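Working through the structure, step by step
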Amino acid sequence: MIERMAKVEILGLKDVAIDAIDVIHDLGTLHIEDLSERVGQMENKRVTRMEMDPKFADHEATLNNLRSKVGDMIRELSPDVDELSQEDIRREYKALWSDNVETMIARMEKMLSEVERDTRDTVDRKADLMVELSRLEKYAPIMSKVQPLAERVARMQDMASIALIIERKYKAILNYLNEEISKLTDGECEIVASDVDEESTAALIVFNRRYLKQVHDFLAVQDVNQVRLPSDLAKKPIDEAVAEVRARIAQIPAELDEIDSKLSQVTEKYSVKLVASRNAIHDRLEAMDAVPNFAQTDQVFIISGWLPESEVPAMEGALTEKFGSKVVMTVTDIREEHDAEEAPVTLRNIPFVRYFEIIYMLNKYPRYGTVDPTVVFAIFFPIFFGLMVGDMGYGLIIMILGWIVHRKMADKPLANMAGFVMTVGGAFAIFFGALYLEFFGNALMKWLGLIEETASGAEEVKYLIGSSESIIRYPMDRLEGFTLFLGICLIIGFIHMGIGLVIGIVNGIREKNTKHALEKGGLLVCLTGFMLVLGKFGFEWWPSALIIVGALMFIGGIVMGGIGAGMGGVVESVVGVGNIFSYARLIAIGLASVIMANVANDLAGEQFKSGIVGVVIGVLVLVLLHALNIVIGMFSPSIHALRLHLVESFGKFFEPAKYRYEPFRKTGGEE
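Scoring rules and cut-offs
- Residues numbered from 1 in each chain as written.
- Predicted model: local features only at pLDDT ≥ 70, side-chain atom pairs only at ≥ 80, totals over all residues.
- Heavy atoms only, no water.
- Helix = DSSP H or I, 4+ residues; strand = E, 2+ residues; numbered from the N terminus.
- Rg over C-alpha atoms; globule rule 2.2 N^0.38 Å.
- Buried < 20%, exposed > 50% of the residue type's maximum accessible area, 1.4 Å probe, protein only.
- pLDDT = per-residue confidence, 0-100.
- Patch = residues over 30% accessible without salt bridge, like charges linked within 9 Å, V, L, I, M, F, W, Y side chains within 5 Å.
- Areas by Shrake-Rupley, 256 points an atom, 1.4 Å probe, with all protein chains shown as cover.
- Salt bridge = Lys/Arg side-chain N within 4 Å of Asp/Glu carboxyl O.
- Lys, Arg positive; Asp, Glu negative; His and termini not counted.
- Charge placed at Lys NZ, Arg CZ, Asp CG, Glu CD.
- Pairing = 2+ DSSP bridges.
- Contact = heavy atoms within 4.5 Å.
- Phe/Tyr/Trp six-rings, centres within 6.5 Å; stacked < 30°, edge-to-face > 60°.
- Lys NZ or Arg CZ within 6 Å of the ring centre and 35° of its normal.
- Domains from an automatic or database assignment.
- Axes fitted to C-alpha atoms, helices over the stretch in contact; angles between N-to-C directions.
- Left-handed = near helix turned anticlockwise from the far one by under 90°.
- Nonpolar A, V, L, I, M, F, W, Y, C, P; charged D, E, K, R; others polar.

1. Points about the overall build of the protein chain
Check the secondary structure of the protein chain and you find 21 helices and 12 strands. Against the compact-globule benchmark of 26 Å for 671 residues, the protein chain has a radius of gyration of 38 Å, which places it well outside the compact range. Each of the three principal axes of the protein chain carries a C-alpha extent, and together these read 120 × 90 × 50 Å. Across the 671 residues of the protein chain, 44% fall into the buried class.

2. Some thoughts on unusual backbone geometry
Of note in the backbone geometry, aspartate 186 takes a positive phi value of approximately 55° without being a glycine. By secondary structure assignment, the location of aspartate 186 is in the loop between helix H6 (173-184) and strand S5 (189-195). A positive phi angle, close to 55°, is found at phenylalanine 440, a residue other than glycine. By secondary structure assignment, the location of phenylalanine 440 is in the loop between helix H15 (413-436) and helix H16 (443-447).

3. With respect to the confidence of the model for the protein chain
Considering every residue of the protein chain, the mean pLDDT works out to 82; 90% of them sit at 70 or more. Looking across the protein chain, the model is least confident in helix H11 (residues 334-337), with a mean pLDDT of 53, and most confident in helix H14 (residues 392-408), with 93.

4. Describing the environment of valine 647
The topology assignment puts valine 647 in helix H21 (residues 611-649). Overall, valine 647 belongs to the partly exposed group, its relative accessible area being 41%. Sequence separation of valine 647 and valine 375 is 272 residues, and the distance between their C-alpha atoms is 17 Å.

5. Some points on a negative patch on the surface
The grouping of Glu76, Asp121, Asp124 and Asp128 at the surface amounts to a negative patch. Considering each element in turn, the negative patch owes the most residues, three residues, to helix H5 (residues 101-154). Considering the arrangement of structural elements, one finds aspartate 124 in helix H5.

6. Some remarks on the pairing of strand S1 (residues 5-13)
Within S1, seven of the nine residues are buried, which leaves it mostly tucked inside the rest of the structure. One ladder, built from nine bridges, connects S1 with strand S9 (residues 300-308); its direction is antiparallel. Residue pairing in the sheet places leucine 13 in a bridge with valine 300 of S9. Bridge count between S1 and strand S10 (residues 327-332): six bridges; the pairing is antiparallel. Note on S10: the bridge partner recorded for lysine 7 is threonine 332.

7. What about the side chain of aspartate 477?
Its place among the elements puts aspartate 477 in the loop between strand S12 (459-461) and helix H17 (482-510). Buried and unpaired, aspartate 477 has arginine 478 as its nearest opposite-charge partner, separated by 6.9 Å. For aspartate 477, the contacting residues outside a window of four places in its chain are Val461, Tyr463 and Phe485.

8. Considerations on the packing of aromatic side chains
A ring pair, where both rings are aromatic, is described by two values, the distance of the centres and the angle of the planes. Using the criterion set out here, one finds 20 aromatic pairs in the structure. Measuring from centroid to centroid gives 4.1 Å for tyrosine 355 and phenylalanine 420, while their planes differ by 25°, and the two rings are stacked. Taken together, the residues span a long stretch of sequence, with tyrosine 355 in the loop between helix H12 (351-354) and helix H13 (374-389) and phenylalanine 420 in helix H15 at a distance of 65 residues. Judged by its relative accessible area of 23%, tyrosine 355 is partly exposed. Judged by its relative accessible area of 13%, phenylalanine 420 falls in the buried class. With a centroid separation of 5.0 Å and 85° between ring planes, the pair formed by phenylalanine 439 and phenylalanine 440 is classed as edge-to-face. An aromatic cluster is built from Phe352, Tyr355, Phe356, Phe377, Phe381, Phe385 and Phe420, whose rings are joined through pairwise contacts. Sitting over the ring of tyrosine 365, arginine 660 keeps its end group 4.0 Å from the ring centre. Cation over ring: lysine 666 sits above tryptophan 97, and NZ or CZ is 3.7 Å from the ring centre.

9. Points about the domain arrangement of the protein chain
Taken domain by domain, the protein chain holds domain 1 (5-100 + 267-342), domain 2 (131-251) and domain 3 (351-452 + 474-652). When each unit is reduced to the centre of its C-alpha atoms, the spacing between domain 2 and domain 3 is 74 Å.

10. Remarks on the packing of H6 against helix H7 (residues 212-220)
As a packed pair, H6 and H7 sit with axes 10 Å apart at the nearest point and diverge in direction by 145°. The chirality of how H6 crosses H7 is right-handed. Seen from H6, the contacting residues are Tyr176, Leu177, Glu180, Ile181 and Leu184; seen from H7, they are Gln214, Val215, Phe218 and Leu219. Considering only residue class, the contact of H6 with H7 consists of seven nonpolar, one polar and one charged.

11. What about the pairing of strand S4 (residues 159-167)?
In the case of a regular strand, side chains alternate between the two sheet surfaces. A large share of S4 lies buried, amounting to seven of its nine residues. Of the pairings in the sheet, the one linking S4 to strand S6 (residues 200-208) comprises nine bridges and is antiparallel in character. Across the sheet, the residue bridging to alanine 163 is leucine 204, located in S6.

12. Some remarks on the pattern of salt bridges
Applying the stated criterion to the full structure yields 17 salt bridges. One salt bridge connects arginine 367 with glutamate 655, and the closest N-O pair in it is separated by 3.3 Å. Of this pair, arginine 367 sits in the loop between H12 and H13 while glutamate 655 sits in the segment after H21, placing them 288 residues apart in sequence. Here arginine 367 and glutamate 655 have matching classes, each one buried. The partner of lysine 446 in a salt bridge is aspartate 602, and the shortest N-O contact between them spans 2.8 Å. Here lysine 446, found in helix H16, pairs with aspartate 602, found in helix H20 (residues 585-608); they are 156 residues apart in sequence, far enough to count as distant.

The following block contains the structure:
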């Protein structure tokens, strides 16, 4: 059901405005209304948008800097936030929080200075080691490639060499370098290249030492990377340098592990405080960001918003206790204001129904003052799903998977709700599977000997109750009883659409919109009359009187629709009746599923007759086809059941809300 809301206005002296905002923020029940538009209309009354005191603007800048620091520290220490104790975080949050912003900032700066003191040198050292390791790992393969040539050059006192690293796609530049350096050195130059990996090539330029300055000057203006060893290695023989590089590469990981061990201790010590700081900063800034939504005069601040009626006494009590007569809250009767359309909507349903509010993640909430259709969805969605899947084996698997998702994803609302809905849907699939006596298709019926092959090769079902000629029979075979099931689906569709139209009539009456009520009532009368006429095609004994009554109701419904909505109502009454046939998908989707299951069983059965290899192939066919059918059985029935609700039923009455209830409260959200 839709929670009853109260519209309130809070007025108070400006010197307690920030404190009043903190009280409202702590309570976390007021949905704030942006007064910007109203302020624009009231400027002649000396009412303006509320502006933050300049000193609080400075505090906002400081808090933003602190948030950036805290975020950097959390990223550096990488605590597992999900594993932290929420109780510990709340305790640290309270220790850091203060109604006095300056006090709160001072506490955080003190805590952050402690973290910086304990982590700065360690973090810097880790960063240096990572850079060193990256550099050496880049040098090692290059040096290995040029080492043999460099050693030969080193033995030639009049020769020098320079190593380069070039991207392989630009390897052709070596020809250009060879030509230009040959000109500089009068031909006393040679370039030797070797691929280091898939992306880079190492090259060694060998030339007469007397041209060293000219070659260096030339390479300095070229788009090439010279391999420059660290200063402590540059003057050593290359074989010694290579050995030291390899030794250092092997040594650094141990040093990094030691640093990580120290950081993990720091993380354990400060992670709760850092997360609590992040949460407190977020909430304080959120309170400051809300200020421009309010209004003010020279002496008074004005806050307008909505909250559930049940929360009004708590809000009044908290403001009175804290501020006495300095702050006053008034409650407006929204029915008198005729602004129910602006009311934010929140729902209050029993736990079972609450999980089915997942539908509002695909659609807006119903408008305030109308009927909440969640309970309709909670009743009919599992029925539709179960009708279409209708297999005990599939239903059991879907129910187990849904329950696992529901339990494991408790912290993820969408997945948690979807898991619960699929669990209930799986249970209904088991129920209808029992009616159809389907367990992975016709496997159970074959095992029980209820399916026999006739002389012509066709399969014949042996009913435990009734026969193929009976209306009441068991099991209810979907393949043989298509006409019966089609009739059942149409009746379910009539009930489902009828409930939607009744809700539409109720909404029209609540809103005192007679024409709307007549339009929906006309379609309901039309639909009822059509079903009475349709009964003749399903039952030979159907009374002729009911056909006449149905025809009259059909015509009367069209007239009612025309009175309510003109020609549009007439068209809606006629066309809307045709929507009843959309519910035929309940049997069509189910038939596709059972046929695929039976095909899987038949194909596997044929393979089982071919020895051990055939058994292996048969099992693979059985598992793969049934697995595919289960996946299809989870998604296709869900989509079609949703469509029947959103289009065929909700489309007859649903009016979306403008706003969802989003109270101004402390959330400690991520930055």
